[in-house]
Amino acid sequence: MTEQELKEQILAAVLKAKETNPLTPSITNTVTINFVANAQLAVGGSAAMIYLPDEAETLASIGSSFYINMGTLLPVYAETLPRVIRVLKDNNKPWVLDPVGIGAGALRRSLLLSMKECPPSVIRGNASEIIALANLWELDSGITRDGVRGVDATDSVESARKAAVAVARFTQGSVSISGEEDLVTDGKYTVILKGGSAMCTKITGAGCSLGGVTAVYAAVASPFVAGLTASAVYNIASENAQKNCSGPASFQVAFLDNLYSITKEQVDNSEICVETEEL
Amino acid sequence: MTEQELKEQILAAVLKAKETNPLTPSITNTVTINFVANAQLAVGGSAAMIYLPDEAETLASIGSSFYINMGTLLPVYAETLPRVIRVLKDNNKPWVLDPVGIGAGALRRSLLLSMKECPPSVIRGNASEIIALANLWELDSGITRDGVRGVDATDSVESARKAAVAVARFTQGSVSISGEEDLVTDGKYTVILKGGSAMCTKITGAGCSLGGVTAVYAAVASPFVAGLTASAVYNIASENAQKNCSGPASFQVAFLDNLYSITKEQVDNSEICVETEEL
Amino acid sequence: MTEQELKEQILAAVLKAKETNPLTPSITNTVTINFVANAQLAVGGSAAMIYLPDEAETLASIGSSFYINMGTLLPVYAETLPRVIRVLKDNNKPWVLDPVGIGAGALRRSLLLSMKECPPSVIRGNASEIIALANLWELDSGITRDGVRGVDATDSVESARKAAVAVARFTQGSVSISGEEDLVTDGKYTVILKGGSAMCTKITGAGCSLGGVTAVYAAVASPFVAGLTASAVYNIASENAQKNCSGPASFQVAFLDNLYSITKEQVDNSEICVETEEL
């Protein structure tokens with residue numbers, strides 16, 4: 001797998017999402033729910049957010065993929081999440097998990113633990129969250145403590161590489177870690193994506209919306225390519241946005257605008273680096 | 001009823017909302033709740049969003065009008081919505097319904113069904129939602145299948161005209177359909193409003209916030225004029241916003257800015273076309 | 001206490017928040033939750049929003065301060081709020097209350113009443129809310145009627161001065177009132193802050209996010225200085241934003257951008273006026 005081959009697959013996913021307008025329902029946190037929906041629309045998806053169990057089941061069965069972000073759990077999720085995950089599994093639908101806030105609360109812990117039985121196609125998180133998830137699932141992360149404080153990463157992307165590879169091998173899907181450099185792995189190949197903007201850490205929801213966009217691409221590409229495509233377009237859009245902003249809010253506006261108009265040339269010029277994992 | 005007469009009524013509603021700052025509480029979805037509130041403020045309303053039954057009753061009784069958007073139902077709505085609709089009816093308050101997502105879930109279906117007994121003053125939806133609502137209420141829509149997929153319309157505005165007229169005659173209020181052209185009817189007169197921007201489909205909440213703004217105008221005008229006024233100012237603001245944007249997020253910013261500063265000249269120059277429905 | 005001394009303390013709080021990135025969890029309304037989080041990030045805080053009781057307890061115990069905004073109550077808050085307030089008291093953590101919507105509903109009333117036993121470090125509200133809270137707590141507000149209609153103030157800041165001083169003396173913390181001029185008092189000193197922008201009343205969440213930002217500063221300064229610092233930077237950022245906006249939405253973008261880049265010179269040039277309260 002060469003860098004050029006991957007770029008072709010990324011570009012194919014970018015175009016296919018715009019052509020097919022896949023319905024990508026989400027259960028996501030109330031803080032960034034608007035940003036997630038607008039980012040999904042910007043890349044060509046159709047968004048629909050849900051709380052209730054039967055509505056989630058219906059949308060999971062008619063949607064092309066699904067996004068579950070664990071940000072702000074509500075009581076109804078104790079019923080909604082197990083039911084929707086069951087429908088996703090039974091219908092073999094690709095879905096993306098963002099294990100935000102892993103470590104806080106009994107419901108969150110029990111839901112994330114139960115997902116080991118019905119694993120997501122793509123897991124997207126920051127380094128601390130991926131390490132914590134590997135530990136929760138008793139996979140070999142190479143790091144035994146839990147590094148989560150609130151919702152921000154306190155570990156480097158590279159330090160979570162072993163955890164990401166372990167989780168991807170277990171789920172037979174892919175794992176994406178966002179950070180100064182991004183890492184996407186399917187357990188066999190690991191891709192490092194450079195670029196992006198530090199302004200992403202000055203707004204809320206860069207990670208959440210990246211998960212939602214990954215779910216749009218998971219409707220039109222493999223879990224691995226979906227993770228790569230989302231990270232690649234986020235790096236492109238955020239780099240360009242940084243050039244045209246005067247602070248975090250104008251950055252977010254410019255970011256969504258740029259996300260909406262990703263070009264082939266931008267994908268061709270992006271920096272990605274493929275490495276092979278030793279088994 | 002001439003085009004010029006309608007424009008005078010639209011302009012009167014625009015001005016009266018700014019002068020009287022009507023309190024327009026809403027029960028609306030969490031995805032676009034901020035956009036709805038800011039759009040209501042932009043046209044002169046005072047916004048207040050509620051979830052709990054007794055608070056909704058209080059605000060329904062002191063508010064000048066009310067907005068109910070069915071976007072993201074939560075369990076508490078099973079109690080809140082029937083109680084608030086009862087208070088709205090008992091106090092003879094105008095209210096606007098946006099039947100988003102009609103077709104998904106048992107609670108949504110039962111709530112929308114029950115509204116046939118206490119119907120809203122204005123119903124605003126996309127073409128597919130209006131057809132589906134007419135069918136749910138067993139009115140003659142001319143189209144028997146349900147065309148809803150997620151939250152986006154899959155039917156043309158014109159194809160939903162018969163359903164809109166049937167619903168408006170039943171409720172003795174008005175029905176607004178948003179689309180490439182907008183349609184507003186009170187069952188006797190149907191008005192087609194041209195203009196607007198396709199960028200409205202690239203952001204989430206154009207429809208939701210249109211419903212919220214319609215509710216502000218329903219506090220100061222008849223259901224028919226409220227529907228017309230909201231569609232007219234949305235077309236004006238979105239057309240102008242499109243000229244000054246570089247993507248969906250800057251479009252939304254420019255849209256709200258333009259909504260805040262609608263002028264008499266803009267209303268005079270807008271394209272509206274009145275047609276009479278045969279009884 | 002001179003104006004210059006206060007400005008030095010304000011500047012110290014501005015810098016310390018940026019240096020220490022304090023974790024400031026919030027329970028806040030769904031309308032402006034995104035604005036609150038982005039404003040907290042803009043001034044250097046780390047945001048985390050919560051609904052569930054055990055998660056709130058965890059975050060209250062690891063956070064540096066906490067923000068409770070009563071905007072859109074949900075049923076789960078009946079359990080979450082008493083538990084989190086207890087943890088905040090037991091751990092002696094500074095927290096900020098925004099008593100939005102005081103007067104609507106039984107749960108809201110009973111929660112606000114119970115806070116008399118475990119009072120917040122800072123209370124931030126508009127004039128009508130502070131008067132209503134003083135009345136609810138049976139403190140001498142000088143005004144016995146309840147002036148709240150929806151979420152907007154109907155009283156002047158000056159008319160709520162007596163209520164603010166009474167509440168601050170009772171809580172032994174500080175009280176901030178936002179309005180055309182802002183007032184911050186610890187019951188002994190009262191500071192009037194001029195400046196700001198009327199555009200703050202044209203967007204939703206200026207007050208909510210001010211409360212969230214006050215909580216960030218409460219992690220690095222006394223309740224009194226936290227209230228002052230938040231009001232001062234809000235006045236500076238909104239004044240500058242008004243110069244570069246063409247309506248409410250571009251105002252909000254410019255406001256957050258300016259909030260992110262407050263300078264020493266701006267603080268030095270801001271207008272604040274210290275007065276001493278008679279005991």
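Just so it is clear, the structure is predicted and the values come from calculations on it, not from any experiment.

Cut-offs applied
- Residues numbered from 1 in each chain as written.
- Chains lettered and ligands numbered in written order.
- Predicted model: local features only at pLDDT ≥ 70, side-chain atom pairs only at ≥ 80, totals over all residues.
- Heavy atoms only, no water.
- UniProt positions renumbered as here; feature names shortened; annotations may be inferred.
- Helix = DSSP H or I, 4+ residues; strand = E, 2+ residues; numbered from the N terminus.
- Contact = heavy atoms within 4.5 Å.
- Patch = residues over 30% accessible without salt bridge, like charges linked within 9 Å, V, L, I, M, F, W, Y side chains within 5 Å.
- Areas by Shrake-Rupley, 256 points an atom, 1.4 Å probe, with all protein chains shown as cover.
- Salt bridge = Lys/Arg side-chain N within 4 Å of Asp/Glu carboxyl O.
- Lys, Arg positive; Asp, Glu negative; His and termini not counted.
- Charge placed at Lys NZ, Arg CZ, Asp CG, Glu CD.
- Buried < 20%, exposed > 50% of the residue type's maximum accessible area, 1.4 Å probe, protein only.
- Expected span 1.5 Å × (residues − 1).
- Arc of directions from axis to C-beta.
- Least-squares fit on C-alpha atoms with pLDDT ≥ 70 in both.
- Axes fitted to C-alpha atoms, helices over the stretch in contact; angles between N-to-C directions.
- Parallel < 35°, antiparallel > 145°, perpendicular 65-115°, else oblique.
- Nonpolar A, V, L, I, M, F, W, Y, C, P; charged D, E, K, R; others polar.
- Buried area = accessible area lost by both parts, 1.4 Å probe.
- Polar contact = N/O pair within 3.5 Å; in protein donor to acceptor, adjacent residues only side chain to side chain.
- Pairing = 2+ DSSP bridges.
- Left-handed = near helix turned anticlockwise from the far one by under 90°.
- Right-handed = clockwise from strand over helix to strand, strands pointing away.

1. A word on the UniProt feature "binding site: substrate" (unreviewed entry) in chain A
Following the UniProt record, one finds the feature "binding site: substrate" (unreviewed entry) at Met49 and Gly205 of chain A. Along the chain, Met49 of chain A falls in strand 2 (residues 46–49). Each residue touching Met49 of chain A, except ones within four places of it in the same chain, is listed here: Ser26, Thr28, Ile33, Val36, Ala37 and Gln40 of chain A together with Val31 and Thr72 of chain B. Those residues within four positions of Gly205 of chain A in sequence are excluded, and the remaining contacts are Thr32 and Phe35 of chain A.

2. Concerning a negative patch on the surface
On the surface, Glu180, Glu181, Glu239 and Glu271 of chain A cluster together into a patch of negative charge. You can see Glu271 of chain A is positioned in the loop between helix 11 (264–269) and strand 9 (272–276).

3. Some thoughts on unusual backbone geometry
Residues and elements named next belong to chain C. Positioned with a positive phi, Asn21 is a non-glycine residue whose angle comes to about 45 degrees. Relative to the helices and strands, Asn21 is located in the loop between helix 1 (3–20) and strand 1 (23–27). With relative accessibility at 29%, the residue Asn21 sits in the partly exposed group. The backbone of Glu138 shows a phi angle near 55 degrees, a positive value even though the residue is not glycine. Of note, Glu138 is situated in the loop between helix 6 (127–136) and helix 7 (161–171). A relative accessible area of 71% means that Glu138 is categorised as exposed.

4. Re helix 4 (residues 77–90) of chain B
Residue and element names in this part refer to chain B. Given a rise of 1.5 Å per residue, 14 residues ought to cover 20 Å, and the 19 Å separating the end C-alpha atoms of helix 4 matches this to within 8%. For helix 4, the complete set of buried residues consists of Tyr77, Thr80, Leu81, Val84, Ile85, Val87 and Leu88. Burial along helix 4 is one-sided: seen end-on, the buried residues are contained in an arc of 160 degrees. Once helix 4 ends, the next one or two residues include Asn92, with phi positive near 55 degrees.

5. Thoughts on the relation of the copies chain A and chain C
Each copy superposes on the other: chain A lies on chain C with an RMSD of 0.0 Å after a rotation of 120 degrees and an axial shift of 0.0 Å. Such a combination of rotation and displacement between the chain copies is what one expects of a three-fold axis. Measuring from the rotation axis to each C-alpha of chain A, the shortest distance belongs to Thr30 of chain A, at 3.8 Å. The overlap is low: 7% of the interface residues of chain A also sit at the interface in chain C, so different surfaces are used on the two sides.

6. Here's the deal with the packing of helix 2 (residues 33–42) of chain B against helix 10 (residues 248–260) of chain B
Residue and element names in this part refer to chain B. Across the interface, helix 2 lies against helix 10 with an axial gap of 8 Å and an inter-helix angle of 30 degrees. When the axes of helix 2 and helix 10 are compared, the pair comes out roughly parallel. Along its contact with helix 2, which presents Phe35, Asn38, Ala39 and Ala42, the element helix 10 presents Gln252, Phe255, Leu256, Leu259 and Tyr260. Grouping the amino acids of the contact of helix 2 with helix 10 by side-chain chemistry returns seven nonpolar, two polar and no charged.

7. A word on the interface of chain A and chain B
One frequently used descriptor of interface size is the decrease in accessible area upon assembly of the parts. Each partner contributes residues to the interface: chain A has 23 residues there, and chain B has 28 residues. When chain A packs against chain B, close to 2,100 Å² is buried across both sides, 62% of that on carbon and sulfur atoms. Among the residues chain A hides against chain B, the three largest losses belong to Glu55, Asp257 and Tyr260 of chain A. Together they make up 25% of the total. Summed over the shared surface of chain A and chain B, the result is one salt bridge.

8. Section: the relation of the copies chain A and chain B
Superposing the two chain copies requires a rotation about an axis and a translation along that axis. Mapping chain A onto chain B is achieved by rotating through 120 degrees and translating by 0.0 Å along the same axis, at an RMSD of 0.0 Å. A share of only 9% of the interface residues of chain A reappears at the interface of chain B, consistent with the copies meeting through non-equivalent patches.

9. What to know about the UniProt feature "binding site: ATP" (unreviewed entry) in chain A
Residue and element names in this part refer to chain A. This chain's UniProt record puts "binding site: ATP" (unreviewed entry) on Arg124 and Ser178. Taken along the chain, the residues just named run across 55 residues; in space they keep tight, none of their C-alpha pairs more than 7.6 Å apart. Summarising the element assignment, Arg124 is placed in strand 5 (residues 122–126). Leaving out residues up to four positions away in the same chain, Arg124 has contacts with Leu97, Asp98, Pro99, Glu129, Ile130, Ser176, Ser178, Gly207, Cys208, Leu210 and Gly211. For Arg124, the side chain forms a polar contact with the side chain of Asp98, separated by 2.9 Å. Leave out the neighbours within four places in its chain, and Ser178 touches Arg124, Gly125, Asn126, Ala127, Val157 and Leu210. A polar side-chain atom of Ser178 sits 2.6 Å from a polar atom in the side chain of Arg124.

10. Considering the interface of chain A and chain C
Listed by partner, the interface residues are 28 residues for chain A and 23 residues for chain C. In total, about 2,100 Å² of surface goes out of reach between chain A and chain C, with carbon and sulfur atoms giving 62% of it. For the interface between chain A and chain C, the tally reads one salt bridge. A salt bridge links Glu55 of chain C to Arg108 of chain A, with the shortest nitrogen-to-oxygen separation between them at 2.8 Å. Taken together, chain A and chain C are joined by eight residue pairs in polar contact (both at pLDDT 80 or more). The element best represented in the side of chain A that touches chain C is helix 10 (residues 248–260) of chain A, accounting for five residues.

11. Considerations on the pairing of strand 6 (residues 174–178) of chain C
All names here are of chain C. Summarising burial for strand 6: five of the five residues are buried, a large majority. Side-chain alternation along strand 6 places Ser174, Ser176 and Ser178 on one buried face and Val175 and Ile177 on a second face that is also buried. Where strand 5 (residues 122–126) lies against strand 6, five bridges are found, and the strand directions are parallel. Bridging from a neighbouring strand, Gly125 pairs with Ile177 of strand 6. Across three bridges, strand 6 lies against strand 7 (residues 182–185) in antiparallel orientation.

12. Brief notes about the packing of helix 8 (residues 206–218) of chain A against helix 9 (residues 223–243) of chain A
Residues and elements named next belong to chain A. Two elements in contact, helix 8 and helix 9, have axes whose closest approach is 8 Å; the angle formed by their N-to-C orientations is 130 degrees. Taken together, the axes of helix 8 and helix 9 lie oblique to each other. Every pair of crossing elements has a handedness; the one defined by helix 8 and helix 9 is right-handed. Contacts between helix 8 and helix 9 involve Ala206, Ser209, Leu210, Val213, Thr214, Tyr217 and Ala218 from the first element and Ala226, Gly227, Thr229, Ala230, Ser231, Val233 and Tyr234 from the second.

13. Quick look at the pairing of strand 2 (residues 46–49) of chain C
All names here are of chain C. Burial along strand 2 is two-sided: Ser46 and Ala48 facing one way and Ala47 and Met49 facing the other are all buried. Pairing of strand 1 with strand 2, which is carried by four bridges, proceeds in the parallel orientation. Directly across from Ser26, in strand 2, lies its bridge partner Met49. Crossover strand 1 to strand 2 through helix 2 (residues 33–42) is right-handed.

14. Concerning the sheet that holds strand 3 (residues 66–69) of chain B
All names here are of chain B. With mixed pairing, the nine strands of this open sheet are ordered in space as 2-1-3-4-5-6-7-8-9. Every interior strand has two partners, whereas the edge strands, strand 2 (46–49) and strand 9 (272–276), have only one. Strand-to-strand twist across the sheet, computed as the mean angle between neighbouring axes with direction ignored, equals 20 degrees. Lying on the sheet, helix 1 (residues 3–20) is in contact with strand 8 (189–193) and strand 9; it crosses strand 9 at an angle near 120 degrees. Helix-sheet contacts for helix 8 (residues 206–218) involve strand 1 (23–27), strand 3, strand 4 (95–98), strand 5 (122–126) and strand 6 (174–178), and the interaxial angle to strand 3 is about 160 degrees.

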